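Each chain, written out:
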Amino acid sequence: MLKLARTFILGAGLCAAAATAALAAEGTSPPLKDGDWSFEGVFGTYDSAQLRRGFQVYQGVCSACHGLRQVSYRNLLQIGLSEAQAKQIAGEKTKKVIDDTGDVVDKPRGLADRFASPFPNDQAAKAANNGALPPDLSLITKARLGGPRYLYSLLIGYVSNEECTKAFKDFEGKPLKPADGQYCNAYFPGHILAMAPPITADGQVEYTGENAPKATVQQMAKDVSAFLMWAAEPKMEERKRLGIKVILFLLLLTGVLYGIYRKVWAGIKH
Amino acid sequence: MSTPAAHGQSQNRTVKWINDRLPIFTFADHFQDYPAPRNLNYWWNFGSLAGLVLMIMIATGIVLAMHYTPNSELAFDSVERIMRDVNYGWLLRYVHMNGASMFFIVVYIHIFRGFYFGSYKSPREVLWWLGVVILLLMMATAFMGYVLPWGQMSFWGAKVITNLFSAIPLVGTTITEWLWGGFTVGNPTLNRFFSLHYLLPFVILGVVVLHIWALHTVKSNNPLGVEMKGPQDSIPFHPYYTVKDYFGVGVFLLVFAAIVFFFPNFLGEPDNYIPADPLKTPPHIVPEWYFLPYYAILRSFTQDWWFFQIVFSWWGVSAKLAGVLAMFASILVLFVLPWLDTSKVRSGRFRPMFKWAILVFLLDCLLLGYLGAKPAAEPWVSISQWATLYYFVHFLVILPILSRIETPKPLPHSIAEAVLKGGGGAAAGATAKPMEKA
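Throughout, residues of each chain are indexed from 1 in the direction in which the sequence is written. Starting at A for chains and at 1 for ligands, labels are handed out in the order in which the entities are written. Restriction of local features to residues with pLDDT of at least 70 applies here, the model being predicted, together with a cutoff of 80 or more for giving and counting side-chain atom pairs; totals for whole chains, interfaces and linings are based on all residues. Derived side-chain values reflect all non-hydrogen atoms in the structure, with water molecules and hydrogen atoms excluded from consideration.

What follows deals with the overall build of chain B. Each helix and strand in chain B was counted, giving 19 helices and two strands. For chain B, the C-alpha radius of gyration of 25 Å lies close to 22 Å, the compact-globule estimate for 438 residues. Along the first, second and third principal axes, the C-alpha atoms of chain B reach 70 × 60 × 40 Å. Contacts spanning at least 24 positions in sequence make up 80% of the contacts within chain B whose residues lie at least 6 apart. Here the Shrake-Rupley method, with its probe set to 1.4 Å, supplies the accessible areas, and only the displayed protein chains count as covering residues. As displayed, chain B offers around 19,900 Å² of accessible surface, 71% of which is attributable to carbon and sulfur atoms. Numbered from the N terminus, helices here are DSSP runs of H or I no shorter than four residues, and strands are runs of E no shorter than two. Radius of gyration here is computed from C-alpha atoms only, and the compact-globule reference equals 2.2 Å multiplied by the residue count raised to the power 0.38. Here a residue-residue contact requires only that any non-hydrogen atoms of the pair lie within 4.5 Å.

All names here are of chain B. Direction vectors running N to C along helix α6 (residues 125-147) and helix α9 (residues 187-218) enclose 160°, while the axes themselves pass 8 Å from each other. In this view, α6 runs roughly antiparallel relative to α9, as classed from their interaxial angle. Helix-helix and strand crossings are classified by hand; for α6 and α9 the assignment is left-handed. Here the contact of α6 with α9 is composed, by residue class, of 23 nonpolar, five polar and no charged. Axis definition: a line fitted to C-alpha atoms, limited for helices to the stretch in contact. Angles are taken between N-to-C directions and run from 0 to 180 degrees. Throughout this description, any angle smaller than 35 degrees is read as roughly parallel, any larger than 145 degrees as roughly antiparallel, any in the 65 to 115 degree range as roughly perpendicular, and the remainder as oblique. Note on convention: the crossing is left-handed when the near helix lies turned anticlockwise from the far helix by less than a right angle, right-handed when the turn is clockwise. Each residue gets one label: Ala, Val, Leu, Ile, Met, Phe, Trp, Tyr, Cys and Pro are nonpolar, Asp, Glu, Lys and Arg are charged, and the others, such as Gly, are polar.

Turning our attention to the domain arrangement of chain B. All names here are of chain B. Where each domain starts and ends comes from a domain assignment, either automatic or drawn from a database. By domain assignment, chain B separates into domain 1 (32-227 + 235-267) and domain 2 (291-431). Look at where the C-alpha atoms of domain 1 and domain 2 centre, and you get two points 22 Å apart. Facing 41 residues of domain 1, the contacting portion of domain 2 comprises 41 residues. Here the quantity called buried area is the accessible surface, traced with a 1.4 Å probe, that two parts lose on coming together, added over both. Overall, the association of domain 1 and domain 2 removes approximately 3,500 Å² of surface from exposure, summing both partners, and the carbon and sulfur fraction of that is 72%. Here, a salt bridge means any Lys or Arg side-chain nitrogen found within 4 Å of an Asp or Glu carboxyl oxygen. Our count for the domain 1 to domain 2 interface comes out at two salt bridges. With a shortest N-O distance of 3.0 Å, glutamate 227 and arginine 346 are connected by a salt bridge.

Our next topic: a nonpolar patch on the surface. Residue and element names in this part refer to chain B. Nonpolar side chains (Val, Leu, Ile, Met, Phe, Trp, Tyr) within 5 Å and like charges within 9 Å form the patches, drawn only from residues with over 30% relative accessible area and no salt bridge. Together, Met353, Val393, Leu396, Val397, Ile401 and Ile405 make up an exposed nonpolar region whose accessible area comes to about 490 Å². The element contributing the most residues to the nonpolar patch is helix α16 (residues 380-405), with five residues. Among the secondary structure elements, isoleucine 401 is positioned in helix α16. The rule is simple: take the accessible area with a 1.4 Å probe, protein chains only, and divide by the maximum for that residue type; under 20% is buried, over 50% is exposed, in between is partly exposed. With a relative accessible area of 46%, isoleucine 401 lands in the partly exposed category.

This part covers helix α10 (residues 237-262) of chain B. The end-to-end C-alpha separation of α10 of chain B is 35 Å, in line with the 38 Å expected for 26 residues at 1.5 Å each. Of all 26 residues in α10 of chain B, 19 are buried; the element is thus mostly enclosed. A helix is expected to reach a length of 1.5 Å times the quantity of its residues less one.

Now for the state of the cysteines. Residue and element names in this part refer to chain A. The disulfide criterion used throughout: a pair of cysteine sulfur atoms within 2.5 Å. Taken as a whole and judged by the stated rule, the model has one disulfide over all chains. What pairs with cysteine 164 in a disulfide is cysteine 184, and their sulfur atoms sit 2.0 Å apart. Handedness here is read from the sign of the S-S torsion; for cysteine 164 and cysteine 184, about 75°, the answer is right-handed. Within this pair, whereas cysteine 164 is found in helix α6 (residues 161-167), its partner cysteine 184 is found in strand β4 (residues 183-185), the two being separated by 20 residues in sequence. Residues cysteine 164 and cysteine 184 agree in their burial class; the two are buried. Cysteine 65 takes part in no disulfide bond, and the closest cysteine sulfur, belonging to cysteine 62, lies 9.1 Å away. For cysteine 65, a relative accessible area of 28% translates into the label partly exposed.

With that settled, consider the interface of chain B and chain A. Contact with chain B, which involves 58 residues of that partner, is made by 51 residues of chain A. Carbon and sulfur atoms supply 72% of the area that chain B and chain A bury against each other, a total of about 4,600 Å² over both sides. Between chain B and chain A we count three salt bridges in total. Salt-bridge contacts for arginine 74 of chain A lead to aspartate 85 of chain B; the nearest nitrogen and oxygen are separated by 3.2 Å. Polar contact is the term for a pair of N or O atoms within 3.5 Å; when the atoms are in protein, one must be able to donate a hydrogen and the other to accept it, and sequence-neighboring residues count only if both atoms are side-chain atoms. The tally of links between chain B and chain A comes to 12 residue pairs in polar contact (both at pLDDT 80 or more).

Residue and element names in this part refer to chain B. With 94% of its residues at a pLDDT of 70 or more, chain B has an overall mean of 92. Here residues 422-438 scores under 50 on pLDDT; set against residues more than four positions off or in separate chains, the count is 25 contacts. Scored as a complex, the prediction yields pTM 0.91 and ipTM 0.89. Think of pLDDT as the predictor's per-residue confidence, scored from 0 to 100.

Turning our eyes to something else, we now look at the pairing of strand β1 (residues 94-98) of chain A. All names here are of chain A. Bridge analysis of β1 against strand β2 (residues 104-108) gives five bridges, and the strand direction is antiparallel. Paired with isoleucine 98 across the bridge in β2 is valine 104. At least two DSSP bridges between two strands are needed for those strands to be called paired. Linking two consecutive strands that pair antiparallel, namely β1 and β2, is a turn of five residues; a positive phi of about 90° is found at glycine 102 within it.

Quick look at the nonpolar core now. Buried Ala, Val, Leu, Ile, Met, Phe, Trp, Tyr and Cys residues form a nonpolar core when they are joined through side-chain atoms within 4.5 Å. In terms of nonpolar packing, the biggest core is built from 137 residues, with Phe104, Phe115, Leu135, Tyr391 and Phe395 of chain B touching the most fellow members. No other element matches the 17 residues that helix α5 (residues 89-117) of chain B contributes to this core. Here this core spans two domains, and each of domain 1 (32-227 + 235-267) and domain 2 (291-431) of chain B adds at least three residues to it. Leave out the neighbours within four places in its chain, and tyrosine 391 of chain B touches Ile297, Ser330, Val333, Phe361, Asp364, Cys365 and Leu368 of chain B. The next biggest cluster of nonpolar side chains, apart from the first, holds 41 residues, and it includes Ile79, Leu137, Ile140 and Phe227 of chain A.

A separate point is the confidence of the model for chain A. All names here are of chain A. Across chain A, the average pLDDT comes to 89, with 90% of residues at 70 or higher. Mean pLDDT across the secondary structure elements of chain A bottoms out at helix α1 (residues 2-26), with 46, and peaks at helix α8 (residues 236-265), with 97. In this model residues 14-27 is a low-confidence stretch, pLDDT under 50, and it forms nine contacts with partners more than four residues away in sequence or in other chains.

Any two of the Phe, Tyr and Trp rings considered here, Trp counted by its six-membered ring, make a pair once their centres fall within 6.5 Å; the pair's planes then place it as stacked at under 30 degrees, edge-to-face at over 60, or tilted in between. If you walk through the whole model with that rule in mind, you get 60 aromatic pairs over all chains. Look at tyrosine 116 of chain B and phenylalanine 117 of chain B: their rings are 4.8 Å apart centre to centre, the planes differ by 90°, and that puts the pair in the edge-to-face class. In this pair, the class of tyrosine 116 of chain B matches that of phenylalanine 117 of chain B, namely buried. Three or more aromatic residues joined by ring pairs form one cluster here, namely Tyr258, Tyr261 and Trp265 of chain A together with Tyr34, Tyr42, Phe237, Tyr240, Tyr241 and Phe247 of chain B. Look at NZ for Lys and CZ for Arg. If either is within 6 Å of the ring centre and within 35 degrees of the ring normal, a charge sits over the ring. Positioned over the ring face of tyrosine 42 of chain B is lysine 244 of chain B, at 4.6 Å from the centre of the ring. When the ring centre of tryptophan 380 of chain B is taken as origin, the NZ or CZ atom of lysine 374 of chain B, which lies over that ring, is 4.9 Å away.

This part covers the sheet that holds β4 of chain A. Residue and element names in this part refer to chain A. The antiparallel open sheet is built from three strands, whose spatial order is β3-β4-β5. Edge strands, defined here as strands with exactly one partner in the open sheet, are β3 (158-159) and β5 (192-193). When β4 meets β5, the two strands line up antiparallel, connected through two bridges. Paired with cysteine 184 across the strands is isoleucine 192, a residue of β5.

All names here are of chain B. One way to put it is that helix α11 (residues 292-300) packs onto α16 with a least axis distance of 9 Å and a crossing angle of 110°. Taken together, the axes of α11 and α16 lie roughly perpendicular to each other. Relative to α16, the crossing made by α11 is left-handed. For the pair α11 and α16, the contacting residues are Ala296, Ile297 and Ser300 in the first and Ser384, Gln385, Thr388, Tyr391 and Phe392 in the second. Of the residues assigned to the contact of α11 with α16, the class counts are four nonpolar, four polar and no charged.

See the structure below:
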């Protein structure tokens, strides 16, 4: 039986190897760049200073077009903003409420409110963006293959129109030529997208934190990718912490159960 | 120590009073003395694991349903609220989401255990049938559950699968619209899927009870495939297989926990974190991994496939309908498996040719799973067509022929003989039930 199991595993392994080879042959995008984030790996945690810098980039750059509607302003306390800071950020945006006289009025947002989206609705967003809808970023790192690595690569992966024509082909095999209002990116599926390069110059966002690194294009792209990973998976640290405890407990329990199993079966031929 | 088996005949007046009116203690005793073959190996752990996952799914599902909103405008955000704001909501949701995958892994291993050791053969046909019914119910439940978060893949998966019914001649469109509750997948579809997704697990639970009832009537098969002939062949289920099952549960939970806590989205599709958009079709619509082999079978039926042309097209069956029929047939064929494999020998251990046939069949299933995730383009389509053909050839041609031409190896006369062969001299009967002697 063991021999058979081994053959099964070997066969499954061969299939997997063939699958990997086939996958590698398919894509035309270069391999994704890794941001060496602190949250990677089983024991990884978020670097709250990085998340705050990333939030600055989101506020200063992305939030002009992209919403973050699943995140509440109170969540900013989790990444180390003070209550006063979070309240102030929330208060800069308003929401529609019905007042005591029945009129619809604008009221400043508070900590309990979700992030305000930049456009009142999808139609307005499309009208302002050449017909393309800027996606909400709350879950963007979980909604793309490669997650934060994809996002980071995309943000620093823009190429000029000339390079684009040289390097990439459309599905018919003709060289790609971005039209007016279109841009070319090495990592975007199909390579043509409507988003202009958002992070273009060093120092575009002024990093205010103590010991903040220089705000290079790469650093900003890395930081905002980290922030958006947090926005998509705010419970990651809690999850991993609990996971380690659960695994340790289960290892112990399984060991004890194995001992009991051997003891009960001792002397039984089977 | 008094015999635990005595409850049914207990002298305790309360116990006796209840037991005379509802023999619940006699019933409980049954689980203690139930004789199991002494030689079951670890492949026999997966049945109890499947039962455990069902319990986990029902428990987490009930709590998730308290926080979920089955409305096409609100469903996606309500799932995100569970992930962010409900206490341990992320845990409940990741356990439930990955639990579906674990359920299928466990059940697929359980089924292949049945294939290899011939657990479907007489007298276990009804037990096998009930298992196939559970599989079908699981597939329906998993499919409808996947629709509930109302992400892109939820919506488009629902659209593709419900659209299959439109291939049925004459009444197809009517049936599809009846399933949708409208003219496309929409809020009424989501509502009924939620309702049925809550109902079906309890139907599964009912069929599981029948499955266990049938099992306890015909008793477990075993790695030798030789029936138990007397007390020397068996040991009581409790404590021997209860402790072994507990150990298996520990190992299983370790794997499950590793996925839930450290790779919770590994088995999922990123597209399902995008809210459903009826106007925007994802580039590749793929089902969850556990449906990929069937999806490959469905898609292998193209208009220009020679097999389709020869067998189906001349009686006016469309390629789509043929694909749908083949997909359902790939499961339904399991119902007649006991009569396709006519060999009297159950266990693959004693069947030199069958052993290879089942291995190639397993590889074919894995290949179909791989192809199901590929775009519908060459060379994948041609390979899927051959793999699909092989799937059915295995059941309908190879197994019946093989059963006739194969010369099985000699079987042991009994489990005890095989187990005790060459070992210590203790009489089997003496060691069989130490708990009763203790």
